[in-house]
Every structure is written in C-alpha cells, then in structure tokens.
Amino acid sequence: MELTLCLIKPDAVRRDLVGSILYMIEKADLKIVAMKMLKLDLPLAQGFYHVHKERPFFGELTEYMASGPIVAVVLAGNNAIKRYRELMGATDPAQAADGTIRKVHAISKGENSVHGSDAPETAAFEIGYFFNATELVG
Ligand code: UDP
Ligand code: MG
C-alpha cells in the first residue's frame, strides 16, 4: 500500500470538474483517504513547488496555483504513485494519452487540471504539506 498526493488545480475547480476527476480516480481503483478544499496564497504555492523555483515557469505556475480554490486529495493503493501518474497523463495535455485526466480535462501545459506526486519522498513531503497524520482515514 502506497500513498500519493493529488491536487485538483484551480482551472478544474473553476470549471466544476471536481466530481468528474474524483470519479475517474475512483474508477481507477485508487482509494481516497483524505480530502480538503483550500485556497493557497502565493508563499504557500511557492513552498509547495520549491523544487521548480529556478524554472522559467515558476512565477506563472505559483500565481496560477494561488488564483483560486484547489482540492487536495490523498490517494492510497498498490503502486499508487505510478498508477495515479498514468491516470493523470503527460504534463502537456497535447501529449497525454487518451482517457487520461489531462487529455480529457486540461486546458494547457500550465493549466493542466491536476497534480500528482512523482516519487515516495515527494509524496511524503507533499502529503505532509497539507495534512496531519490524524487526517488520513480509511
Ligand atoms: N509547468 C508549466 N510549464 C512547463 C512545465 C510545467 O507551466 O513547461 C507547470 C504545470 O502546471 C506542471 C507543473 O508546472 O504540472 C509542474 O511541472 P512538472 O514538470 O513537475 O509536471 P507534472 O509533474 O505536474 O506533470
Ligand atoms: Mg511534478
């Protein structure tokens, strides 16, 4: 059993896609074990994406992530990190495989509807960024 962090990003919340995305996640047999809606301010968005702070898109990315509400979701399952990355699809929706969340819902490489952890260490950091151990249930 492995845990991973999903964020439903502002572009998707704004377009009322929370239910559709959670439906795809549940259909893929990933278990929701924690969930909350929140609105990041800029420092919180910058802290979450600190690994990208030298990238040219960092300013645009963090301003976008602070532009509206998001939903943070912890998912559990065997091989959950890799399986949820596959369900999300490629960062750029134009490159994403058919049936993936980003192919179906994303607007662009920046406004790509969902985040997913990419390794056990990043998952641990990212889950801890939004949730206490007592908030993980199921
Ligand atoms: N991003 C962007 N332009 C790029 C690459 C990434 O705006 O050229 C944004 C996009 O929202 C992406 C996030 O930065 O989801 C984090 O990038 P990463 O390479 O970690 O992609 P992910 O893991 O989300 O697929
Ligand atoms: Mg990433």
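> Looking at this model, I keep getting lost on the site of ligand 1. Mind explaining?
Looking at ligand 1, the residues that line it are K9, Y49, H52, F57, L61, R85, T91, R102, K109, G110 and N112. Measuring from an oxygen atom of ligand 1, one finds a side-chain N or O atom of K9 at 2.9 Å. Here R85 contributes a side-chain N or O atom positioned 2.8 Å from an oxygen atom of ligand 1. Within the complex, the protein chains bury 82% of what would otherwise be the 500 Å² of accessible surface of ligand 1. Among the cavities detected, the one that contains ligand 1 is the largest pocket. Its residues placed into classes, the shell around ligand 1 shows three nonpolar, four polar and four charged.

> For this particular structure, what's the right way to read the side chain of R102?
Mapped onto the fold, R102 is located in helix α6 (residues 101-105). Within the local environment of R102, its side chain forms a polar contact with the backbone oxygen of V114, the two atoms lying 2.8 Å apart. The contacts of R102, once residues within four sequence positions are left out, are K9, M88, G89, A90, T91, P93, A96, N112, V114 and H115.

> Just checking my understanding: could you explain the packing of aromatic side chains for this structure?
Scanning the entire structure with this criterion turns up five aromatic pairs. Residues F48 and F130 carry aromatic rings whose centres are separated by 5.5 Å and whose planes lie at 40 degrees to one another, so their mutual orientation is tilted. Here F48, found in helix α3 (residues 42-48), pairs with F130, found in helix α7 (residues 120-130); they are 82 residues apart in sequence, far enough to count as distant. Grouping residues by exposure puts F48 and F130 together as buried. An angle of 50 degrees between the planes, with centres 5.5 Å apart, marks the rings of F125 and Y129 as tilted. Of the two residues, F125 and Y129 both sit in helix α7, four residues apart, roughly one turn of that helix.

> Would you take a moment to explain the pattern of salt bridges for this structure?
If the charged atoms of two oppositely charged side chains come close together, the side chains can form a pair. Counted according to the given criterion, the structure contains four salt bridges. Of the charged contacts in the structure, one is a salt bridge between R15 and D11, with a shortest N-O distance of 2.6 Å. By relative accessible area, R15 is classed as partly exposed at 34%.

> Please explain helix α2 (residues 18-27) as it appears in this structure.
Turn by turn, an α-helix covers 3.6 residues, leaving residues three or four places apart pointing in a common direction. Here α2 has its buried residues at V18, I21, L22, M24 and I25. Looking down the long axis of α2, one finds its buried residues gathered within 155 degrees of arc, a one-sided arrangement. For α2, the exposed residues set more than 90 degrees away from the buried face come down to Y23, E26 and K27. Where α2 terminates, the next one or two residues include D29, which has phi positive at roughly 65 degrees.

> Help me understand the nonpolar core in this model?
Taken as a class, soluble globular proteins show a tendency for nonpolar side chains to be buried jointly. Ranked by size, the top nonpolar core spans 20 residues in total, and within it I8, I21, I25, Y84 and I101 carry the most contacts. In terms of residues, this core owes the most to one element, α2, which gives five residues. In contact with I101, not counting residues within four places along its chain, are I21, M24, I25, Y84, L87, M88, A106 and V114. V33, L61, V74 and I127 belong to the second-largest nonpolar core, a separate cluster that totals 19 residues.

Basis of the calculations
- Residues numbered from 1 in each chain as written.
- Chains lettered and ligands numbered in written order.
- Predicted model: local features only at pLDDT ≥ 70, side-chain atom pairs only at ≥ 80, totals over all residues.
- Heavy atoms only, no water.
- Near = heavy atom within 4 Å.
- Polar contact = N/O pair within 3.5 Å; in protein donor to acceptor, adjacent residues only side chain to side chain.
- Areas by Shrake-Rupley, 256 points an atom, 1.4 Å probe, with all protein chains shown as cover.
- 1 Å grid on protein atoms, 1.4 Å probe; cavity = no way out; pocket = protein on both sides within 12 Å on 5 of 7 lines; lining within 4 Å.
- Sits in = over half its atoms within 2 Å of the grid points.
- Nonpolar A, V, L, I, M, F, W, Y, C, P; charged D, E, K, R; others polar.
- Helix = DSSP H or I, 4+ residues; strand = E, 2+ residues; numbered from the N terminus.
- Contact = heavy atoms within 4.5 Å.
- Phe/Tyr/Trp six-rings, centres within 6.5 Å; stacked < 30°, edge-to-face > 60°.
- Buried < 20%, exposed > 50% of the residue type's maximum accessible area, 1.4 Å probe, protein only.
- Salt bridge = Lys/Arg side-chain N within 4 Å of Asp/Glu carboxyl O.
- Arc of directions from axis to C-beta.
- Core = buried A, V, L, I, M, F, W, Y, C linked by side-chain atoms within 4.5 Å.

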